[in-house]
Amino acid sequence: MKPIFYEIKRILSSKFVIVMIVAIIGLSSLLAYESGSTFTQVSVPNTPKITVGFFLQGNNITMVGYSFNGYGSPEKNIHVDYTYNNITYSSTTSDTGFANVTFPFNPTKYGSTITVNYSYRAFRVSISSVFTYYVPANVTSSGLQIIPDIYNPSNDTKLGFLALYVGGNSKGAPNINFIITPINASNKSQFKTSYLLEHPEFNISKSGFVVTTIFPDVTYADHNYSYAVAAVQNGSVIQSAFAKGPEIGFVGTLTLYSPVTESKLEGLVNSGTSEILGFFIPILAVFSGYLTYGKDRTTGVIESVLKRPITRGGLISSRFLATSVAIVSAVIISMAIADLIIYHYFSMFLSTSFFLYFIWTYIVEGLAFLALVYVFSHLVSSQGALLGAAIAVFVVMDLFWSIIPLAVLAALGVSSSSNLYVQATVAFYYASPGGYSSLVNALRTNSIGSLFSISVNPALFGVTPALVITAGVLWIAIPFLIAYNLAVRRD
Amino acid sequence: MITIDSVTKVYSSKSPPAVENLSLEMKNGEILGLVGLNGAGKTTTIRMSSGIILPTSGSISVDGHDVVKEKVEAAKSIGWIPEFPNFEPNAKPLFLMRYYAGFYGLNKEETEDRIERLLDMVGLKSHLNKKLRNYSQGMKKRFAIAESLIGDPQNVLFDETLNGLDPEGVLFVRNLMLEMRKNGKAVLLSSHILSEVEDVADRVAIINRGKLVKLLTRGELRTLGRIVVHISLANPDEGVRGLLKEFGDVQKERDEIVVTDLTIGQEKIPDIAAALVRGGYRIMRFDPVGESLEEYFFGVIGGKR
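Parameters and conventions
Residues numbered from 1 in each chain as written. Chains lettered and ligands numbered in written order. Predicted model: local features only at pLDDT ≥ 70, side-chain atom pairs only at ≥ 80, totals over all residues. Helix = DSSP H or I, 4+ residues; strand = E, 2+ residues; numbered from the N terminus. Buried ≥ 20, exposed ≤ 12 C-beta atoms within 10 Å, placed from the backbone. Contact = placed C-beta atoms within 7 Å. Core = buried A, V, L, I, M, F, W, Y, C linked by C-beta atoms within 7 Å. Nonpolar A, V, L, I, M, F, W, Y, C, P; charged D, E, K, R; others polar. Pairing = 2+ DSSP bridges. Axes fitted to C-alpha atoms, helices over the stretch in contact; angles between N-to-C directions. pLDDT = per-residue confidence, 0-100. Parallel < 35°, antiparallel > 145°, perpendicular 65-115°, else oblique. Left-handed = near helix turned anticlockwise from the far one by under 90°. Arc of directions from axis to C-beta.

A. Highlighting the overall build of chain A. Within chain A, the secondary structure is distributed over 13 helices and 16 strands. Of all 491 residues assigned to chain A, the portion counted as buried reaches 44%.

B. Representation of the overall build of chain B within the structure. For chain B, the helix and strand inventory stands at 11 helices and 14 strands. Classification of the 305 residues of chain B by burial places 37% in the buried group. Summarising the internal contacts of chain B: among those between residues at least 6 apart in sequence, 66% fall at separations of at least 24.

C. Structural context of unusual backbone geometry. All names here are of chain B. Phi at N21 takes a positive value of approximately 50°, unusual for a residue other than glycine. Among the residues examined, N21 registers 14 C-beta atoms within 10 Å and is labelled partly exposed. The phi torsion at D261 lies on the positive side, around 45°, for a residue other than glycine. In this fold, D261 is placed in the loop between β13 (256-260) and α10 (270-278). With 13 C-beta atoms counted inside 10 Å, the residue D261 sits in the partly exposed group.

D. Region of the structure containing the nonpolar core. Counting residues in hydrophobic clusters, the biggest one holds 196 residues, and the most contacted among them are L284 and A390 of chain A. If one sorts the elements of this core by residue count, helix α8 (residues 352-379) of chain A sits on top with 15 residues. Discounting chain neighbours no more than four positions away, the residues touching L284 of chain A are V17, M20, I24, I327, A330 and G366 of chain A. Counting 10 residues, the second-largest nonpolar core is a separate cluster that includes V228, V229, I231 and L244 of chain B.

E. Broad picture of the interface of chain A and chain B. Contacts between the two partners involve 16 residues from chain A and, on the opposite side, 20 residues from chain B. At the level of secondary structure, the elements contributing two or more residues to the side of chain A that touches chain B comprise α1 (3-12) and α6 (303-306) of chain A. For the side of chain A that touches chain B, the leading source of residues is α6 of chain A, giving 3 residues. Broken down by class, the residue content of the side of chain A that touches chain B amounts to 7 nonpolar, 4 polar and 5 charged.

F. Layout of the sheet that holds strand β14 (residues 283-290) of chain B. Residue and element names in this part refer to chain B. The 4 strands are arranged β12-β13-β11-β14 in an open sheet whose pairing can be described as antiparallel. One side of each edge strand has no neighbouring strand; the edge strands of this open sheet are β12 (249-253) and β14. Between one strand axis and the next, the sheet turns by 20° as a mean value, whatever way the strands run. Pairing between β12 and β13: 5 bridges, direction antiparallel. Its bridge partner lying in β13, Q251 is registered against V258. Packed on one face of the sheet, α10 meets β11 (227-233), β13 and β14 and runs near 160° to β14.

G. Representation of the confidence of the model for chain B. When pLDDT is averaged across chain B, the result is 89; 97% of the residues are at 70 or more. ipTM for the predicted complex: 0.80, alongside a pTM of 0.68.

H. Geometry of the packing of helix α2 (residues 15-38) of chain A against helix α5 (residues 273-299) of chain A. Residues and elements named next belong to chain A. Between α2 and α5, the shortest axis-to-axis distance is 10 Å and the interhelical angle comes to 175°. Taken as axis vectors, α2 and α5 run roughly antiparallel relative to one another. On α5, the residues that touch F16, V17, M20, A23, I24, L27, S28, L31 and A32 of α2 are T273, I276, L277, F280, I281, I283, L284, F287, S288 and L291. Looking at the contact of α2 with α5 residue by residue, the classes come out as 16 nonpolar, 3 polar and no charged.

I. Inspection of the pairing of strand β7 (residues 155-159) of chain B at higher detail. Residues and elements named next belong to chain B. Where burial is concerned, most of β7 is hidden: 5 out of the 5 residues are buried. Judged by which residues are buried, β7 turns out to be covered on both faces: N155, L157 and D159 on one side and V156 and F158 on the other are all buried. In this structure, strand β6 (residues 78-81) lies alongside β7, joined through 4 bridges in parallel fashion. By the bridge assignment, G79 is partnered in β7 with V156. Judged from the 5 bridges that link them, β7 and strand β8 (residues 186-190) form a sheet pairing that is parallel. Within β8, the position partnered with N155 by the bridge is A186.

J. A look at the sheet that holds strand β1 (residues 49-57) of chain A. Residue and element names in this part refer to chain A. If you walk across this open sheet you meet the 3 strands as β1-β2-β5, and the pairing is antiparallel. Each end of this open sheet is capped by a strand with a single partner; those strands are β1 and β5 (98-104). Going across the sheet, the axis of each strand differs from the next one's by a mean of 20°, ignoring polarity. Bridge analysis of strand β2 (residues 60-68) against β5 gives 7 bridges, and the strand direction is antiparallel. Looking at β5, one finds that I61 is bridged to F103.

K. Representation of the packing of helix α7 (residues 312-346) of chain A against helix α13 (residues 465-489) of chain A within the structure. Residues and elements named next belong to chain A. Viewed as axis vectors pointing N to C, α7 and α13 meet at an angle of 145°, and their least axial separation amounts to 8 Å. As for the relative orientation of α7 and α13, their crossing is right-handed in sense. Together, R312, G313, I316 and F320 of α7 and F480, A483, Y484, A487 and V488 of α13 make up the contact between the two elements. Residue classes in the contact of α7 with α13 are distributed as 7 nonpolar, 1 polar and 1 charged.

L. Examining helix α3 (residues 93-102) of chain B more closely. Along α3 of chain B, 7 of the 10 residues are buried, which leaves the element largely enclosed by surrounding structure. Turning to α3 of chain B, its buried residues number three or more, namely P93, L96, M97, Y99, Y100, A101 and G102 of chain B. Buried positions along α3 of chain B lie against α1 of chain A together with α4 (108-121) and α5 (137-148) of chain B.

M. Just the environment of L30 of chain A, in detail. Residue and element names in this part refer to chain A. Position of L30 relative to the elements: it lies in helix α2. Since 15 C-beta atoms lie within 10 Å of it, L30 is described here as partly exposed. Spatially, the C-alpha atom of L30 lies 9.4 Å from that of G272, the residues being 242 residues apart in sequence.

N. Representation of the environment of S119 of chain A. Residues and elements named next belong to chain A. Checked against the element boundaries, S119 lands in strand β6 (residues 112-122). Distance in space between the C-alpha atoms of S119 and V130 is 8.7 Å, their sequence separation being 11 residues. With sequence-adjacent residues up to four places away left out, S119 is seen in contact with H79, S126, I127 and S128.

O. Local environment of the environment of T93 of chain A. Residues and elements named next belong to chain A. With respect to the element layout, T93 can be found in the loop between β4 (87-92) and β5. T93 gets classed as buried once you count the C-beta atoms within 10 Å, which come to 24. C-alpha of T93 to C-alpha of V80: the two residues are 13 residues apart in sequence and 7.6 Å apart in space. Each residue touching T93, except ones within four places of it in the same chain, is listed here: S67, E75, K76, N77, I78, V80, F98 and A99.

P. A look at the confidence of the model for chain A. Residues and elements named next belong to chain A. Averaged over every residue, the pLDDT of chain A is 85; the share at 70 or more is 89%. Across chain A, the secondary-structure element scoring lowest on mean pLDDT is strand β14 (residues 236-237), at 68, and the one scoring highest is α13, at 96. Note that pLDDT drops below 50 for residues 239-253; the model gives that stretch 37 contacts with residues more than four away or on any other chain.

Q. Summary view of α1 of chain A. Considered for burial, the residues of α1 of chain A that qualify are P3, Y6, E7, R10 and I11 of chain A. Seen along its axis, α1 of chain A keeps its buried residues to an arc of 125°; they face one direction. If you follow the buried residues of α1 of chain A, they end up packed against α2, α5 and α7 of chain A together with α3 of chain B.

This is the structure we're talking about:
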């Protein structure tokens, strides 16, 4: 076995590390579960829906079924039965959400009906829904359909809609302008395509799509309005299968809702999982550093390894790397599971940037505390002194680090509304790995403070992405390099 | 071969060097004894040679590789059995042996063969399921011997290894060293049991307060025997010291008088007995013997037995 794999195996099989990782993952999952199961603002349907179109080709009809969730995102593995003339044709939606079937078709001059039955499993229970789809006479494809009430994953509205275009031979959509305008529901004169065309508030152009979602960029002030949309191609309103006529076009009332947005989810994770990781990751780092390196060094066990063909630098690096694997695993696994639980409840993952920021934050905290214990492992010579130093590092630089700035600034009589207060708070954040999560939070939320938050422009106080990332790298690198040099140059 | 060249080790500026300007050579096919009092610098010398601690000045090379600058290459050729072996207490011997073997680039088959052979050799094959924390000190020493030899080193350093071993263990280590010598390996034995060193060593280095005091060759060891006279009297008194003073240095040890550094030739030794009889002393024992390494050692370092 290569020594580095042994080191990793040794650390991952250490009782302390196992207990800590299980605790971190378990508590993070529980908090995510608690957030998901008790959050009351949830109103985004996470049950799959399906919309259907068709196109004719010779004596065959191709039924195009698209399954989607409340955000308009595709839903896979939905079983769809199309029943025509008592014969059932089945398909299952793919990753793209489509379940298409082609079968023989005899059009009539009155149009034809096809029964669509789609089913899926939720919590091991099969749920199905049936509706009748009408294929009009003398129409070769269903063209454009607009499905309103699609929830916007990035803000608090469901002013979005989903557009499904099924052309002949399943070609993508031509260039279509979606004219979106607020209307007064009680004023019939506004229920006309001409009104929409004369008062366009949004004009969004799309082409080449089979399915797409459109979210008009409304502001909070617009929330009291109802909106209508007309789809226009080359100046003419497109007839959709549901349209009443060119005067009206397609009118959809795009309503408001208050779903959990990405930012709200991030807030949930920040107040839950963040607290768990902020407390437990430094404990894991500090004590695994003590148990797997410092203790071996102070008791002399490490000499049984140092006498092998390995350099002092190689030994400290491999131990640091192996312990880092445990810390990084704990952070990533706990976040990944929390994200999956959140997805289960909200049908929405955390944003990639938030996920990465979060992981980076606690990896920095963990590795920085680990490196600090490595430094102390070379500065003290007894096991007891090292354990004391490790506990002190954790207590002062993590546990009480959010309180220390408040106490110091209060003692100095610095007003919490002054610039000096913010500057000093930021300085404290930079001064310990225990403050790193607050630093990242300040960057993300434009606010600073633990007990009460002050809205600030973080860049004005030296909190920029570049500086924060640099600080993180330095918090890992500097203590580790000090420990490395002590290991190489001192007995 | 290990070459120690003008090595000094200072642990603290407040205390004298643990090792000072020490030069020594461990040759292949030879057992070098390293003797000295506690704190003389034996273990420090060995730990520096093993790359565990760094010399303050001077250099140590192992088979031509500097132990500091070329640590990896040097360590491949060194096996160090410490006085107090210290292992990860919760590890089991096989697991740890495999880990150690990983540093020497052995393939799986070589690793398993060597581990089995070494653990069998040191008599631990029936104790493989125990964690090392449950091993006795003697078992730990046996394990230390096995793990130190996992890389088949050319140079083996035994630091007070005989301490804490049962008689069977002492015999085993002694035979192991002789076998290693026979196989052309360089062996260093540091021990307080000077008679053991005397029995097996080809050369003996005596160090005191970090300095090499004397390096005895095998030939010198054989002819070490300067005569000392052990005398027991039935009626000793204070006057006997004055009477014997003209024959050499007189030391009194419990009920025995030892005359060393004789000022007379070997053939004149009976004159000492005659003088005692003339002085009215009744002689219980009169034993002229060659000086042991122990006696020589204490003579050289200027201490007392």
